[in-house]
Amino acid sequence: MRLARGSRLVVATHNPGKLAEMTALLSPYGIETVSAGALGLPEPEEIAEDFEGNARLKALAASRGAGLPALADDSGFCVAALGGAPGVVSARWAGPGRDFSLAMARVQSEMGHAADRRAWFVSVLCLARPDGECACFTGRVDGAVSFPPRGAHGFGYDPIFVPEGSGRTFGEMLPEEKEAISHRSRAFRAFAAACLSLP
Ligand code: ITT
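Residues numbered from 1 in each chain as written. Predicted model: local features only at pLDDT ≥ 70, side-chain atom pairs only at ≥ 80, totals over all residues. Heavy atoms only, no water.

Q: Just checking my understanding: could you explain helix 5 (residues 183–195) for this structure?
A: One turn of the α-helix equals 3.6 residues, which is why residues spaced by three or four share an orientation. In this model helix 5 runs 18 Å from its N-terminal to its C-terminal C-alpha over 13 residues, within 8% of the 18 Å that 1.5 Å per residue would give. Taken as a whole, helix 5 has its buried residues at His183, Arg184, Ser185, Ala187, Phe188, Phe191, Ala192 and Cys195. In the core, the buried residues of helix 5 are packed alongside helix 1 (16–26), strand 3 (70–79), strand 4 (118–128), strand 5 (134–145) and helix 4 (175–181). (Helix = DSSP H or I, 4+ residues; strand = E, 2+ residues; numbered from the N terminus. Expected span 1.5 Å × (residues − 1). Buried < 20%, exposed > 50% of the residue type's maximum accessible area, 1.4 Å probe, protein only. Contact = heavy atoms within 4.5 Å.)

Q: What's the story with the site of the ligand in this structure? I'm lost.
A: Neighbouring residues of the ligand: 22 residues in total, closest Thr13, His14, Lys58, Asp158 and Lys178. Taking aspartate 158, its side chain carries an N or O atom lying 2.6 Å from a nitrogen atom of the ligand. Between arginine 184 and the ligand, the recorded distance is 2.8 Å, taken from a side-chain N or O atom to a nitrogen atom. Notes on the ligand: free accessible area 610 Å², of which the protein chains cover 98%. (Near = heavy atom within 4 Å. Polar contact = N/O pair within 3.5 Å; in protein donor to acceptor, adjacent residues only side chain to side chain. Areas by Shrake-Rupley, 256 points an atom, 1.4 Å probe, with all protein chains shown as cover.)

Q: Explain the sheet that holds strand 1 (residues 8–11) here, please?
A: Adjacent strands of a sheet pair through backbone hydrogen bonds, lying either parallel or antiparallel. Reading across the sheet, the 6 strands line up as 2-1-3-4-5-6 and stay open at both edges, with mixed pairing between neighbours. Looking at which strands have only one partner, the edges of the open sheet turn out to be strand 2 (32–35) and strand 6 (161–163). Averaged over all adjacent pairs, the angle separating strand axes in this sheet is 35 degrees, with direction ignored. Two strands pair when backbone bridges link them, and strand 1 and strand 3 are joined in this way by 2 bridges, in the parallel orientation. Considered in strand 3, the bridge of valine 11 is made with leucine 71. Here helix 2 (residues 51–66) sits on the sheet in contact with strand 1, strand 3, strand 4 and strand 5, set at roughly 155 degrees to strand 3. (Pairing = 2+ DSSP bridges. Axes fitted to C-alpha atoms, helices over the stretch in contact; angles between N-to-C directions.)

Here it is as C-alpha coordinates:
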(Lines give C-alpha, C1' and ligand atoms only; values in the text may rest on other atoms or scores of the structure.)
Protein backbone atom coordinates (compact mmCIF):
# COMPACT_ATOMS: atom_id res chain seq x y z
CA MET A 1 0.00 0.00 0.00
CA ARG A 2 1.93 3.05 -1.26
CA LEU A 3 1.09 6.72 -0.76
CA ALA A 4 1.70 8.94 -3.78
CA ARG A 5 3.56 12.23 -3.35
CA GLY A 6 1.08 15.04 -2.79
CA SER A 7 -1.40 12.69 -1.03
CA ARG A 8 -3.32 13.98 1.98
CA LEU A 9 -2.78 11.91 5.11
CA VAL A 10 -4.48 12.14 8.49
CA VAL A 11 -2.01 11.92 11.38
CA ALA A 12 -4.40 10.05 13.68
CA THR A 13 -3.26 11.11 17.14
CA HIS A 14 -4.53 13.50 19.79
CA ASN A 15 -1.17 13.49 21.61
CA PRO A 16 0.74 16.73 20.75
CA GLY A 17 4.16 15.12 21.43
CA LYS A 18 3.48 12.28 18.99
CA LEU A 19 1.93 14.67 16.45
CA ALA A 20 5.13 16.76 16.41
CA GLU A 21 7.34 13.67 15.95
CA MET A 22 5.15 12.08 13.25
CA THR A 23 4.84 15.36 11.33
CA ALA A 24 8.66 15.82 11.43
CA LEU A 25 9.22 12.24 10.23
CA LEU A 26 6.78 12.75 7.32
CA SER A 27 8.16 16.15 6.31
CA PRO A 28 10.71 14.98 3.67
CA TYR A 29 8.16 12.93 1.71
CA GLY A 30 5.92 15.56 0.09
CA ILE A 31 2.80 14.33 1.89
CA GLU A 32 0.19 16.86 3.02
CA THR A 33 -0.60 16.11 6.66
CA VAL A 34 -3.66 17.03 8.70
CA SER A 35 -4.16 16.03 12.32
CA ALA A 36 -7.16 14.16 13.72
CA GLY A 37 -7.68 17.07 16.13
CA ALA A 38 -7.73 19.68 13.34
CA LEU A 39 -10.42 17.63 11.56
CA GLY A 40 -12.46 17.40 14.78
CA LEU A 41 -12.30 13.59 14.73
CA PRO A 42 -13.23 11.94 18.06
CA GLU A 43 -10.72 9.87 20.06
CA PRO A 44 -11.75 6.23 19.69
CA GLU A 45 -11.77 4.05 22.82
CA GLU A 46 -8.61 1.92 22.88
CA ILE A 47 -10.14 -1.44 23.70
CA ALA A 48 -7.68 -3.80 22.00
CA GLU A 49 -5.29 -5.93 24.05
CA ASP A 50 -2.11 -5.10 22.19
CA PHE A 51 -0.33 -2.21 20.45
CA GLU A 52 -1.16 -3.44 16.95
CA GLY A 53 -4.87 -3.84 17.71
CA ASN A 54 -5.11 -0.30 19.07
CA ALA A 55 -3.04 1.18 16.23
CA ARG A 56 -5.41 -0.47 13.71
CA LEU A 57 -8.50 0.69 15.53
CA LYS A 58 -7.28 4.31 15.67
CA ALA A 59 -6.08 4.38 12.04
CA LEU A 60 -9.32 2.85 10.72
CA ALA A 61 -11.55 5.17 12.75
CA ALA A 62 -9.69 8.26 11.52
CA SER A 63 -9.50 7.04 7.93
CA ARG A 64 -13.22 6.26 7.76
CA GLY A 65 -14.10 9.49 9.60
CA ALA A 66 -12.06 11.64 7.21
CA GLY A 67 -12.40 9.65 3.99
CA LEU A 68 -8.59 9.79 3.66
CA PRO A 69 -5.68 7.48 4.42
CA ALA A 70 -4.66 7.76 8.09
CA LEU A 71 -1.51 6.93 10.03
CA ALA A 72 -1.92 6.07 13.74
CA ASP A 73 0.65 5.21 16.41
CA ASP A 74 0.01 3.03 19.42
CA SER A 75 2.94 2.94 21.74
CA GLY A 76 4.00 2.39 25.31
CA PHE A 77 6.70 2.20 27.93
CA CYS A 78 7.53 -1.30 29.18
CA VAL A 79 9.47 -2.10 32.36
CA ALA A 80 11.04 -5.54 32.77
CA ALA A 81 10.71 -5.58 36.58
CA LEU A 82 6.97 -4.85 36.19
CA GLY A 83 6.38 -7.69 33.72
CA GLY A 84 6.25 -5.23 30.79
CA ALA A 85 3.83 -2.76 32.48
CA PRO A 86 2.59 -0.12 31.92
CA GLY A 87 2.81 -1.23 28.23
CA VAL A 88 -0.49 -0.82 26.37
CA VAL A 89 -1.98 1.16 29.27
CA SER A 90 0.93 3.67 29.47
CA ALA A 91 -1.34 6.66 28.80
CA ARG A 92 -3.81 5.53 31.52
CA TRP A 93 -1.14 5.59 34.23
CA ALA A 94 -1.09 9.38 33.80
CA GLY A 95 -4.74 9.61 34.91
CA PRO A 96 -7.52 11.69 33.37
CA GLY A 97 -5.39 14.86 33.61
CA ARG A 98 -2.60 13.18 31.57
CA ASP A 99 -0.08 14.03 34.31
CA PHE A 100 3.08 12.06 33.50
CA SER A 101 4.80 13.07 36.74
CA LEU A 102 2.17 10.84 38.38
CA ALA A 103 2.80 8.04 35.89
CA MET A 104 6.59 8.22 36.43
CA ALA A 105 6.13 8.27 40.23
CA ARG A 106 3.98 5.15 39.94
CA VAL A 107 6.72 3.38 37.95
CA GLN A 108 9.22 4.35 40.67
CA SER A 109 7.03 3.17 43.54
CA GLU A 110 6.07 -0.13 41.84
CA MET A 111 9.72 -0.87 40.95
CA GLY A 112 11.00 -0.11 44.45
CA HIS A 113 14.60 -1.33 44.65
CA ALA A 114 14.28 -3.97 41.90
CA ALA A 115 17.77 -4.79 40.61
CA ASP A 116 16.54 -5.23 37.03
CA ARG A 117 16.34 -1.69 35.55
CA ARG A 118 15.71 -2.74 31.91
CA ALA A 119 12.96 -0.93 30.03
CA TRP A 120 11.92 -0.37 26.43
CA PHE A 121 9.53 1.64 24.31
CA VAL A 122 7.41 0.08 21.55
CA SER A 123 5.63 1.87 18.72
CA VAL A 124 3.29 0.30 16.20
CA LEU A 125 2.40 2.54 13.27
CA CYS A 126 -0.65 1.58 11.23
CA LEU A 127 -1.60 3.02 7.85
CA ALA A 128 -5.27 2.52 7.00
CA ARG A 129 -7.42 3.36 4.02
CA PRO A 130 -11.16 4.11 4.15
CA ASP A 131 -11.86 0.75 2.40
CA GLY A 132 -10.41 -1.03 5.46
CA GLU A 133 -6.98 -1.99 4.08
CA CYS A 134 -4.30 -1.72 6.80
CA ALA A 135 -0.54 -2.15 7.11
CA CYS A 136 1.31 -2.14 10.46
CA PHE A 137 5.00 -1.57 11.31
CA THR A 138 6.72 -2.05 14.69
CA GLY A 139 9.73 -0.34 16.26
CA ARG A 140 11.42 -0.80 19.63
CA VAL A 141 14.22 0.86 21.57
CA ASP A 142 15.88 -0.78 24.58
CA GLY A 143 17.40 0.93 27.59
CA ALA A 144 17.01 1.44 31.32
CA VAL A 145 14.80 3.28 33.79
CA SER A 146 16.49 6.09 35.70
CA PHE A 147 15.25 8.21 38.61
CA PRO A 148 14.78 11.08 39.30
CA PRO A 149 13.23 12.26 35.98
CA ARG A 150 15.65 14.40 33.94
CA GLY A 151 15.16 16.77 31.00
CA ALA A 152 12.40 18.94 29.59
CA HIS A 153 12.36 17.70 25.97
CA GLY A 154 10.00 15.11 24.54
CA PHE A 155 6.87 13.97 26.37
CA GLY A 156 5.38 11.17 28.45
CA TYR A 157 7.98 8.88 30.06
CA ASP A 158 10.98 10.43 28.21
CA PRO A 159 12.55 11.91 31.41
CA ILE A 160 13.04 8.43 33.00
CA PHE A 161 14.30 6.47 29.97
CA VAL A 162 18.02 6.17 29.14
CA PRO A 163 18.49 4.39 25.80
CA GLU A 164 21.29 1.80 25.52
CA GLY A 165 24.64 3.39 24.69
CA SER A 166 23.69 6.81 26.11
CA GLY A 167 24.13 8.47 29.49
CA ARG A 168 21.22 10.84 28.92
CA THR A 169 17.46 10.40 29.09
CA PHE A 170 15.23 10.96 26.05
CA GLY A 171 14.03 14.03 27.99
CA GLU A 172 17.55 15.47 27.82
CA MET A 173 17.93 14.88 24.08
CA LEU A 174 17.11 17.30 21.28
CA PRO A 175 14.25 16.13 19.05
CA GLU A 176 16.68 15.08 16.29
CA GLU A 177 18.80 13.03 18.75
CA LYS A 178 15.73 11.13 19.97
CA GLU A 179 14.52 10.72 16.39
CA ALA A 180 17.79 9.03 15.36
CA ILE A 181 17.12 6.06 17.67
CA SER A 182 13.53 6.09 18.89
CA HIS A 183 10.96 3.29 18.67
CA ARG A 184 8.71 5.59 16.62
CA SER A 185 11.40 6.46 14.08
CA ARG A 186 12.32 2.76 13.76
CA ALA A 187 8.68 1.88 13.03
CA PHE A 188 8.54 4.86 10.69
CA ARG A 189 11.57 3.69 8.70
CA ALA A 190 9.83 0.38 7.99
CA PHE A 191 6.62 2.24 7.07
CA ALA A 192 8.51 4.65 4.79
CA ALA A 193 10.33 1.82 3.01
CA ALA A 194 7.02 0.07 2.28
CA CYS A 195 4.67 2.99 1.65
CA LEU A 196 6.49 6.24 0.78
CA SER A 197 8.74 7.51 -1.98
CA LEU A 198 11.41 10.17 -1.62
CA PRO A 199 11.50 12.99 -4.20
P1 ITT B 1 -3.22 8.87 20.75
O2 ITT B 1 -3.89 7.56 21.10
O3 ITT B 1 -4.18 9.96 20.45
O4 ITT B 1 -2.17 8.71 19.72
P5 ITT B 1 -2.12 8.58 23.43
O6 ITT B 1 -1.20 9.44 24.25
O7 ITT B 1 -3.41 8.12 24.08
O8 ITT B 1 -2.42 9.39 22.08
P9 ITT B 1 -1.21 5.84 23.33
O10 ITT B 1 -2.53 5.28 23.69
O11 ITT B 1 -0.44 5.15 22.25
O12 ITT B 1 -1.32 7.36 22.88
O13 ITT B 1 -0.36 5.93 24.65
C14 ITT B 1 1.00 5.79 24.63
C15 ITT B 1 1.61 6.45 25.83
O16 ITT B 1 2.94 5.88 25.96
C17 ITT B 1 1.79 7.93 25.61
O18 ITT B 1 0.73 8.69 26.13
C19 ITT B 1 3.11 8.19 26.33
O20 ITT B 1 2.88 8.43 27.66
C21 ITT B 1 3.87 6.88 26.22
N22 ITT B 1 4.82 7.04 25.13
C23 ITT B 1 4.73 6.56 23.85
N24 ITT B 1 5.75 6.98 23.10
C25 ITT B 1 6.51 7.74 23.91
C26 ITT B 1 7.69 8.48 23.70
O27 ITT B 1 8.28 8.56 22.51
N28 ITT B 1 8.19 9.13 24.74
C29 ITT B 1 7.60 9.11 25.95
N30 ITT B 1 6.47 8.46 26.22
C31 ITT B 1 5.92 7.78 25.20
